[in-house]
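# Observations on the model geometry
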Amino acid sequence: MSSKETILTAEGLKKLEDELENLRSVRRHEVAERIKVAIGYGDISENSEYDDAKNEQAFIEGRILELEQMISTATVIDSASNKEGVVMLGSTVVVKDMEFGDEETYTIVGTTEADPSKNRISNESPVGAAILGQKVNSVVQVHTPAGELSYQILEVK
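All of these numbers come straight from a predicted model, not from anything done at the bench.

### Thoughts on the overall build of the chain
- Regarding its fold elements, the chain presents 3 helices and 7 strands.
- The secondary structure elements of the chain, listed N-terminal to C-terminal, are β-α-α-β-β-β-β-α-β-β.
- Taking 2.2 N^0.38 as the reference for a compact globule, 157 residues should give roughly 15 Å; the C-alpha atoms of the chain span a radius of gyration of 22 Å, well beyond that estimate.
- In terms of its C-alpha atoms, the chain occupies a principal-axis envelope of roughly 70 × 35 × 25 Å.
- Residues classed as buried in the chain amount to 34% of the 157 residues present.
- By sequence separation, contacts in the chain at least 24 residues apart represent 49% of the contacts at least 6 residues apart.
- Where the 16 positive side-chain charges of the chain centre and where its 29 negative ones centre are 4 Å apart.

Structure representation (structure tokens):
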């Protein structure tokens, strides 16, 4: 695993810590019990319940390692330090598509918390990267797979 910095909001860090705690204290024990029950069925070489439980155990252990890595390299976004009117991590930004006139509101977050369906875009996404560091009324060019797009930054919260 890489030791790349994990950029999170305080809320995002709490979610990861809660998930890790659940995996360690609840899911591990549930899977261990499933394995114990499956072994009780006899021959494990042809026991699909055992195979399924062992696969789930491997997934849980892998996810625990992944979460521990993300938490240990976490940098929490301090939105209080954001400069007025400048797009930074944690900012909520209203942009206007210069071609169609549509307005969108995005919150700029780290890749771990990105969820485009909830308008939470990554600082590494084409739009996120293009508007970071920009000010209100700036017009930015965004290089996307669909081509060049132009956005005007209307508001930064």
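### Observations regarding the sheet that holds strand 3 (residues 92–97)
- Read across the open sheet, the 5 strands follow the order 5-4-3-7-6; overall the sheet is mixed. Across the chains shown, the open sheet's two edge strands, defined by having one partner strand only, are strand 5 (120–122) and strand 6 (139–144). Taken pair by pair, the neighbouring strands of this sheet meet at an average axis angle of 45°, ignoring direction.

### A word on the packing of helix 1 (residues 10–40) against helix 2 (residues 48–72)
- At a minimum axis separation of 9 Å, helix 1 and helix 2 run at an interaxial angle of 160°. Taken as axis vectors, helix 1 and helix 2 run roughly antiparallel relative to one another. Handedness of the crossing formed by helix 1 with helix 2: left-handed.
- For the contact of helix 1 with helix 2, a count of residues per class yields 15 nonpolar, 1 polar and 13 charged.

### Here we look at helix 1
- Its 31 residues place the ends of helix 1 44 Å apart at the C-alpha level, agreeing with the 45 Å of an ideal helix rising 1.5 Å per residue.
- The principal kink in helix 1, of about 40°, is found at Leu 23.
- Those residues of helix 1 lying buried are Gly 12, Leu 13, Leu 16, Leu 20, Leu 23, Val 31, Ile 35 and Ala 38.
- In this structure, the buried residues of helix 1 make contact with strand 1 (6–8), helix 2 and strand 2 (74–76).
- Of the residues trailing helix 1, Gly 42 is marked for its positive phi of about 110°.

### Some words on the pattern of salt bridges
- A complete count under the given rule lists 13 salt bridges for this structure.
- One salt bridge connects Lys 15 with Glu 11, and the closest N-O pair in it is separated by 3.6 Å. Placement of the pair is Lys 15 and Glu 11 together in helix 1, with a separation of 4 residues, close to one helical turn.
- Looking at Lys 15, the relative accessible area reads 55%, which means it is exposed.
- By relative accessible area, which is 48% here, Glu 11 ends up partly exposed.

### Points about the side chain of Ser 138
- Examined against the element boundaries, Ser 138 turns out to sit in the loop between helix 3 (126–131) and strand 6.
- Setting aside chain neighbours within four positions, we find Ser 138 in contact with Tyr 151, Gln 152 and Ile 153.

The rules behind these values
- Residues numbered from 1 in each chain as written.
- Predicted model: local features only at pLDDT ≥ 70, side-chain atom pairs only at ≥ 80, totals over all residues.
- Heavy atoms only, no water.
- Helix = DSSP H or I, 4+ residues; strand = E, 2+ residues; numbered from the N terminus.
- Rg over C-alpha atoms; globule rule 2.2 N^0.38 Å.
- Buried < 20%, exposed > 50% of the residue type's maximum accessible area, 1.4 Å probe, protein only.
- Contact = heavy atoms within 4.5 Å.
- Lys, Arg positive; Asp, Glu negative; His and termini not counted.
- Charge placed at Lys NZ, Arg CZ, Asp CG, Glu CD.
- Pairing = 2+ DSSP bridges.
- Axes fitted to C-alpha atoms, helices over the stretch in contact; angles between N-to-C directions.
- Parallel < 35°, antiparallel > 145°, perpendicular 65-115°, else oblique.
- Left-handed = near helix turned anticlockwise from the far one by under 90°.
- Nonpolar A, V, L, I, M, F, W, Y, C, P; charged D, E, K, R; others polar.
- Expected span 1.5 Å × (residues − 1).
- Bend = angle between axes of the 7 residues up to and from the residue.
- Salt bridge = Lys/Arg side-chain N within 4 Å of Asp/Glu carboxyl O.

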